[in-house]
Every structure is written in C-alpha cells, then in structure tokens.
Amino acid sequence: MAHVVLKDLVKTYGSFKAVNDVSLTVNDGEFVALVGPSGCGKTTTLNLVAGLIPITSGDIVIGDRVVNDLDPKDRDIAMVFQNYALYPQKSVYKNLAFPLQMRKLPRDEIDKKVKEAARVLDMTHLLERKPRELSGGQQQRVALGRALVRDPAVFLMDEPLSNLDAKLRVQMRSEIKRFHQDLKATIIYVTHDQLEAVTMADKMAVMNGGYLQQYDSPAQVFAHPVNMFVASFIGSPAMSLIPLQASTANGNSVLTGAEGWSFELSPRNAQKVANATTKKVVLGARHSTIKLHNSAVPGAIPAKAYTVEPTGDVTFVQAFLSGAIVNVSVPPNIAVAPDEQIWLEFDQERMHLFDGETEMALKAN
Ligand SMILES: Nc1ncnc2c1ncn2[C@@H]1O[C@H](COP(=O)(O)OP(=O)(O)O)[C@@H](O)[C@H]1O
Ligand SMILES: [Mg+2]
C-alpha cells in the first residue's frame, strides 16, 4: 500500500475550474472519502489521481513517485465504479482472472490470487456463476474482487454503492469498511452521501464548487465545521442555520432574531461574535442540541411547530425562527402538534456561530 499526495491540483475545462487548488495527503492505509454535492468535482479529482484525464496543474504523488505523466496502468491503482462493468459472458472466476491474464501472470499464480480474493470477499461459492445469476450486492463484490486481485497500491472507488437499494447499500457499506480494516488498504472513496462518508472514512475531504472545504476526521468535521457549507452538508437532518443580529445591551453581547426575541451570549460566544466582520451572525444548532419546551422557560425562544415527523425512535419537529427552518429532535412520547406554540432552548456550549458575511465559523481568541 502507499500514501497519496495531491498538491495544488487544478483541472480546468476552458474557463471553468472543475478542481480548484486541491491539496491533501492520504496516509498509507487510510480510508479517505471525497464527499460533496453533485458536480463539486469529486469524480474529476478521482479521475485525475487515476490518470484517466490529464491534470491542468499541480502534482499527484502515489507512493514515492510523482505520477502526473504516467498512464493509468502504470500508476499501481485499481478502480471500482458505480456500474460494475462485469463481463456478462464470463463466470465470476474468469471476471476476476481476466485482469491478471492481461498482465500475463502465470496460471497458478492467477488461481491463487482469485481464490484468495474470493475468500476475503466471502464469495468462493459464487465463482462459477455468471454475473446475471448474482444479486446487485454480489455483483458489486465481484467488482471489488477484481480490484483486489490486482493488489494495487491504492484503491479508487467512485460511488460504488449508488446502484444498490437502501438496505443493501448499508450492508455493503459495512463490508467495504471491513475490507479496508482487513487489508489495511489505502482507499479514496467518492460519494455524495455524507452518511457513507461519516460512517466509513478515517478522514473526509468535503468539497464544494471544486474547492476543498475541510479535510479531517468525520468526528472533527461534525464537531467543528469550518464554514456554513460544511455545517449544513454534514449531519442529518441538516444543522439549522438561523440568521441573527449581534448587538450590545447594558454592556452585554446579545443576539436578536427577526421576531424581536434575543438572548445574552456566554463570555466565550461573545468573544466569537466580537471577532465577526459584521453584525450579521448565523447561529448553527444541530437538532439534538436544541431543547423543546411546551411552556415558557427562561432563556427559551417562542416559536410555532410547523411539521412533526415521528420516525419511531425520535420525532423531528420543524419550526420557523428568524426566517430559517429549525430542526429539533424530541423523544417520541413528547406530544407536539403542527401549529402548536413551543419554546426552543439553545445550548450555548454546543451552538455554532458563523460570520454572516464570510460564512466562516467564528473563533474565540
Ligand atoms: N469533460 C468535461 N467537460 C466540461 N466540464 C466537465 C467535464 N467533466 C466534468 N465537468 C464539470 O466539472 C464539474 C465537476 O464534475 P464531477 O467531478 O463529475 O462532479 P461530481 O463527481 O462531484 O458530481 C461539473 O460541473 C461538471 O459538469
Ligand atoms: Mg461523480
């Protein structure tokens, strides 16, 4: 296995920058997810690493080599795509053996590698079947196996689970994670699904508009999103982002909502707000950090329940506050009905504050 370094990577199509100065290091054996909305440049970045498209500028290092000008076949990578592209007429065994035959490996070595891959992926019993005799999940496993037999320095995967139904996707998610743990493989995994990234990856690279927004462990990204984009993209339901106005009352720093309510900031949050470039401050709160009350409580803000969505384990309540939708989760036994008056209490320790102009997370000194 090997590490991968992207340095100031750029890909332009005419005047359009699909990938904008992306720099990151994937350590040896690490599982990194490139995650972001459709069109943000994930596939382009992966294809640059694979060598399927030429880079405009920057460097790509795989292991100890700069691979900028190397053909895909010389980069020591294996790709797994969304559509598995198996040979329909060939058995699973032959699908796995084919890339090795192309590389002119001796027959007994091919046999050994195919059987080992089948063992690792628990599909020894499927080796004689044709792709059409396999379920979607099994076909995807064969596609993984075909990458595995090549024993590459790096696995590149582009939305490999997108074609599977929801249940199978969750199951294959665990299998790929297991695959990574067992092989200690270096994997770069593209997905638009933030939950896949959060659950599978050691680190995630959150992209938007061709730019790398944040590169860190899922826990760090979740707890400390660097800006409003990352804050709203990672986590489900999305973090509520409520535009407020900062001011000072009797020497204390307060935030005021469009409806006229306000609350006094803790010293640490006041410090953050003092560092903003503007009086416009956006309060970010995850559903689990907001308390819902059925009656007025000091510090809680009056609102009206808009929708109430029971999911079994928790009920999600949506309300409008200061022109924004606020998502709150409550235990299923709490009775709330749409249009009912509620009071929302924000946790100052766990709230996020963003600069209303730059959209960057505000920092305390
Ligand atoms: N060959 C191409 N010519 C022009 N624009 C392209 C080409 N390939 C991709 N793009 C554009 O680059 C952006 C990033 O595409 P892509 O990397 O496929 O996004 P993602 O995989 O994140 O959905 C998109 O706006 C896409 O339309
Ligand atoms: Mg893509």
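Residues numbered from 1 in each chain as written. Chains lettered and ligands numbered in written order. Predicted model: local features only at pLDDT ≥ 70, side-chain atom pairs only at ≥ 80, totals over all residues. Heavy atoms only, no water.

### Topic: the overall build of the protein
Rules: A run of DSSP states H or I qualifies as a helix once it reaches four residues; a run of E qualifies as a strand once it reaches two. Both are numbered from the N-terminal end. Residue exposure (1.4 Å probe, protein chains only): buried if accessible area is under 20% of the type maximum, exposed if over 50%, otherwise partly exposed. The accessible surface values rely on the Shrake-Rupley method and a 1.4 Å probe; as for residues, cover is taken only from the protein chains in view. The convention is simple: Lys and Arg are positive, Asp and Glu are negative, and His and the chain ends are not counted. In plain terms, the charge of a residue is placed at NZ if it is Lys, CZ if Arg, CG if Asp and CD if Glu.
When its secondary structure is counted, the protein shows 9 helices and 20 strands. Expressed along its principal axes, the backbone C-alpha trace of the protein runs to roughly 80 × 45 × 35 Å. Residues counted as buried form 49% of the 365 residues belonging to the protein. Element-wise, carbon and sulfur atoms account for 50% of the exposed surface of the protein, whose accessible area totals about 17,400 Å². In the protein, the 38 positive side-chain charges and the 39 negative ones have mean positions that sit 6 Å from each other.

### Digging into the sheet that holds strand 15 (residues 290–293)
Just so we agree on the cut-off: Each pair of strands is called paired provided DSSP finds at least two bridges between the two strands. Axis definition: a line fit to C-alpha positions, over the contact stretch in the case of helices; interaxial angles, taken between N-to-C directions, run 0 to 180 degrees.
Within the open sheet, the 5 strands sit side by side as 15-19-16-17-18. Their pairing is antiparallel. Strands at the two margins of the open sheet, each flanked by one partner only, are strand 15 and strand 18 (324–330). Along the sheet, successive strands turn relative to each other by an average axial angle of 45 degrees, direction set aside. One ladder, built from 4 bridges, connects strand 15 with strand 19 (residues 341–346); its direction is antiparallel. Pairing of Ile290 across the sheet is with Phe346, part of strand 19.

### Overview of the site of ligand 1
For clarity, the threshold we go by: We call a residue near a given molecule or strand whenever any one of its heavy atoms falls within 4 Å of it. Contacts described as polar in this section are N or O atom pairs within 3.5 Å, which, within protein, must combine one atom able to donate a hydrogen with one able to accept it, while residues neighboring in sequence count only if both atoms come from side chains. The residue classification treats Ala, Val, Leu, Ile, Met, Phe, Trp, Tyr, Cys and Pro as nonpolar and Asp, Glu, Lys and Arg as charged. All others, Gly included, are polar.
For ligand 1, the full set of nearby residues is Tyr13, Phe16, Ala18, Pro37, Ser38, Gly39, Cys40, Gly41, Lys42, Thr43 and Thr44. At 2.9 Å from an oxygen atom of ligand 1 is found a side-chain nitrogen or oxygen belonging to Lys42. Thr43 is positioned such that a nitrogen or oxygen atom in its side chain is 2.8 Å from an oxygen atom of ligand 1. In the complex, 58% of the free accessible area of ligand 1, which totals 570 Å², lies under the protein chains. Of all the elements in the fold, those that place two or more residues in the shell around ligand 1 are strand 2 (16–26) and helix 1 (42–50). Here the shell around ligand 1 is composed, by residue class, of 5 nonpolar, 5 polar and 1 charged.

### What about a nonpolar patch on the surface?
The condition that has to hold: Patches here: salt-bridge-free residues with over 30% relative accessible area, like charges joined within 9 Å, nonpolar side chains (Val, Leu, Ile, Met, Phe, Trp, Tyr) joined within 5 Å. Each reported salt bridge corresponds to a side-chain nitrogen of Lys or Arg within 4 Å of a carboxyl oxygen of Asp or Glu.
A cluster of nonpolar side chains, Tyr306, Phe320 and Ile325, forms an exposed patch at the surface whose accessible area comes to about 310 Å². Along the chain, the position of Phe320 falls in strand 17 (residues 315–321).

### A word on the pairing of strand 3 (residues 31–35)
Of all the 5 residues making up strand 3, 5 are buried; the element is thus mostly covered by neighbouring parts of the structure. Residues Phe31, Ala33 and Val35 line one face of strand 3 and the alternating positions Val32 and Leu34 line the opposite face, and both faces are buried. Direction of pairing for strand 3 relative to strand 8 (residues 187–191): parallel, over a ladder of 5 bridges. Paired with Phe31 across the two strands is Ile187, which belongs to strand 8. Note that strand 3 and strand 9 (residues 203–208) share 4 bridges and pair parallel. Residue Val35 lies in a different strand from strand 9, and its bridge partner there is Val206.

### A closer look at the pattern of salt bridges
Throughout the structure, instances matching the rule amount to 9 salt bridges. Between Asp182 and Arg178 there is a salt bridge, with the nearest N and O atoms lying 2.8 Å from each other. One end of the pair is Asp182 and the other is Arg178, both in helix 5 (residues 166–183) and 4 residues apart, which spans about a single turn. Residue Arg178 is classed as partly exposed on the basis of its relative accessible area of 48%. When the shortest N-O distance is used, the salt bridge between Lys280 and Glu357 registers 3.4 Å. Remark: Glu357 occurs in the segment after strand 20 (352–355) and Lys280 occurs in strand 14 (residues 280–285); sequence separation between them is 77 residues. With a relative accessible area of 48%, Glu357 lands in the partly exposed category.

Note that every value here comes from positions in space, so none of it alone points to a role or purpose.
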